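Analysis of the macromolecular model
Chain residues, written in single-letter form:
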Amino acid sequence: KYQRFVTFSHLPEKATIRIFNLAGVLVRTIEKSTPGQFQRWDLANESGLPVASGLYIAYITMPDVGDTKIVKLSIIQERQILDRF
């Protein structure tokens, strides 16, 4: 039920992923500081609640490489019944 995620790949050891909705509101900030190229987003916002279906923009900053990337995401969630409010 709660095993939904998006995996970002081809990342350096240190990266910051900021996820915005189309209104420009920051939904989640993820700090990556692990070796390996992958980082998961559990499709939750900063409060731990699942995000809504829709379009999102991930702004990825990679300071060691000196580069930034912008990735567009389309999230389609199944119908959810929250067990916490």
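Cut-offs applied
Residues numbered from 1 in each chain as written. Predicted model: local features only at pLDDT ≥ 70, side-chain atom pairs only at ≥ 80, totals over all residues. Heavy atoms only, no water. Helix = DSSP H or I, 4+ residues; strand = E, 2+ residues; numbered from the N terminus. Buried < 20%, exposed > 50% of the residue type's maximum accessible area, 1.4 Å probe, protein only. Areas by Shrake-Rupley, 256 points an atom, 1.4 Å probe, with all protein chains shown as cover. Lys, Arg positive; Asp, Glu negative; His and termini not counted. Charge placed at Lys NZ, Arg CZ, Asp CG, Glu CD. Core = buried A, V, L, I, M, F, W, Y, C linked by side-chain atoms within 4.5 Å. Contact = heavy atoms within 4.5 Å. Pairing = 2+ DSSP bridges. Polar contact = N/O pair within 3.5 Å; in protein donor to acceptor, adjacent residues only side chain to side chain. Phe/Tyr/Trp six-rings, centres within 6.5 Å; stacked < 30°, edge-to-face > 60°. Lys NZ or Arg CZ within 6 Å of the ring centre and 35° of its normal.

A word on the overall build of the protein. When helices and strands are counted, the protein shows zero helices and six strands. Element order for the protein, N to C, with α for helix and β for strand: β-β-β-β-β-β. Overall size of the protein, expressed as C-alpha extent along the three principal axes, is 40 × 25 × 20 Å. When each of the 85 residues of the protein is scored for burial, the buried share is 28%. Counting only carbon and sulfur atoms, one obtains 55% of the accessible surface of the protein, whose full area is about 6,000 Å². Here the protein carries 11 positive and 8 negative side-chain charges, and the mean point of each set is 5 Å from the other.

Further remarks concern the nonpolar core. In this structure, F8, I17, I19, W41, Y56, I60 and L73 are the most contacted members of the largest nonpolar core, which totals 17 residues. Elements with a contribution of two residues or more to this core: β1 (6-8), β2 (15-21), β3 (26-32), β5 (54-62) and β6 (67-75). At four residues, the largest contribution of residues to this core is made by β5. Not counting chain neighbours up to four residues away, the residues in contact with Y56 comprise I19, F20, N21, V27, V51, V71, K72, L73 and I75.

Time to look at the pairing of β5. Of the strand pairs in this sheet, β2 and β5 are connected by six bridges, and their pairing is antiparallel. Counted as the bridge partner of N21 is Y56 from β5. Pairing of β5 with β6, which is carried by nine bridges, proceeds in the antiparallel orientation. Bridging from a neighbouring strand, Y59 pairs with I70 of β6.

Before going further, it helps to examine the side chain of Q77. Relative to the assigned elements, Q77 resides in the segment after β6. Looking at Q77, the relative accessible area reads 14%, which means it is buried. Polar contacts involving the side chain of Q77 include one to the main-chain carbonyl oxygen of V51, which spans 3.1 Å. Beyond its immediate sequence surroundings of up to four residues, Q77 is in contact with R4, L43, P50, V51, A52 and S53.

The tally for this structure, following the rule as stated, stands at one aromatic pair. Ring plane angle 70° and centroid distance 6.1 Å describe the contact between W41 and Y56, whose orientation is recorded as edge-to-face. Residue W41 is located in strand β4 (residues 39-41), and its partner Y56 is located in strand β5; the two are separated by 15 residues in the primary sequence. For W41, a relative accessible area of 0% puts it in the buried group. For the cation-ring pair, R40 lies above F5, with the distance from its terminal atom to the ring centre recorded as 3.6 Å.

The quantities given are spatial measurements derived from coordinates; they are silent on function.
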